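What follows is each chain in one-letter form.
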Amino acid sequence: MAALTLRPVRPAVSADDDELAELDRSTWSTLHAVVPRPQPPYDPFFDERHPPEGFLVVEAETEPDGEARIAGYIQLVPPTPLAANAHVRQIRGLAVAGWARGAGVGRTLLRAAFAEARGQGANRITLRVLGHNTPARALYASEGFSVEGVLPGEFFLNGRYVDDLCMGRSLGPA
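Residues numbered from 1 in each chain as written. Predicted model: local features only at pLDDT ≥ 70, side-chain atom pairs only at ≥ 80, totals over all residues. Heavy atoms only, no water.

Caption draft 1: Geometry of the pairing of strand β8 (residues 160-170). Bridge count for strand β6 (residues 124-130) against β8 is seven bridges, and the pairing is antiparallel. In the strand pairing of β8, Ile125 is matched with Arg169. Hairpin remark: strand β7 (residues 146-157) followed by β8, antiparallel, with two residues in the connecting loop; positive phi at Asn158, about 50°. (Pairing = 2+ DSSP bridges. Helix = DSSP H or I, 4+ residues; strand = E, 2+ residues; numbered from the N terminus.)

Structure follows, in structure tokens:
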């Protein structure tokens, strides 16, 4: 693997649509996806329910050419429009390009999401992860998430039932 230099995490912008859509398609797997594999003609990455403002991206420069491209994204949103849980943010997606795996991209995005959530006044962050997604669960646990609930057999993927885990952690005072 070529050495990577991560750039600072930044908010997504509309111009990232094509690159994020390609990243999303290239990382699709039943390890984490419960929707069918995307098929052409492809929908735009951003839409009314998924505006750029809900995403953070990190670019990486690869050596020796120094070309920067998006290495990963994380979607961070309020879990509901209710004032009663306005103190919570939810991670609804995290993807890392295959060429950037093992370089700390996922951890970098999580930590940036923690900072962004705190900046938005949140003191708690949650997510859902499939029970068989061992790499993601290990990453989340290493960053302070714990399993707070299990929906046994919530999804039927590749001929078997898969648990849906609810994980969360405190962010401390905002």
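So much for the structure itself; the text now carries on.
Caption draft 2: Broad picture of the nonpolar core. Counting residues in hydrophobic clusters, the biggest one holds 40 residues, and the most contacted among them are Leu20, Tyr73, Ile91, Leu110, Tyr140 and Phe145. Listing elements by their share of this core, those giving two or more residues are α1 (17-26), β3 (55-62), β4 (68-77), β5 (88-96), α2 (105-119), β6, α3 (134-142) and β8. Considering each element in turn, this core owes the most residues, seven residues, to α2. Excluding residues within four positions of it along the chain, Tyr73 makes contact with Leu20, Leu23, Asp24, Phe45, Phe55, Leu56, Val57, Gly93, Leu94, Ala95 and Leu109. (Core = buried A, V, L, I, M, F, W, Y, C linked by side-chain atoms within 4.5 Å. Buried < 20%, exposed > 50% of the residue type's maximum accessible area, 1.4 Å probe, protein only. Contact = heavy atoms within 4.5 Å.)

Caption draft 3: Layout of the side chain of Asp164. Within the element layout of this structure, Asp164 appears in strand β8. Of the residues examined, Asp164 reaches a relative accessible area of 3% and is grouped as buried. Among the polar contacts made by the side chain of Asp164, one reaches the side chain of Arg128 at a distance of 2.2 Å. (Polar contact = N/O pair within 3.5 Å; in protein donor to acceptor, adjacent residues only side chain to side chain.)

Caption draft 4: Spotlight on the packing of aromatic side chains. Throughout the structure, instances matching the rule amount to eight aromatic pairs. For the pair Tyr140 and Phe145, a centre-to-centre distance of 5.7 Å together with 65° between the ring planes defines the contact as edge-to-face. For the pair Tyr140 and Phe145, a shared accessibility class is recorded, and that class is buried. Taken together through their ring pairs, the aromatic side chains of Phe45, Phe46, Phe55 and Tyr73 make up a single cluster. Above the ring of Trp99, the side-chain terminus of Arg69 is found at 4.0 Å from the ring centroid. The residue whose ring lies beneath Arg169 is Phe114, and the NZ or CZ to ring-centre distance is 4.2 Å. (Phe/Tyr/Trp six-rings, centres within 6.5 Å; stacked < 30°, edge-to-face > 60°. Lys NZ or Arg CZ within 6 Å of the ring centre and 35° of its normal.)

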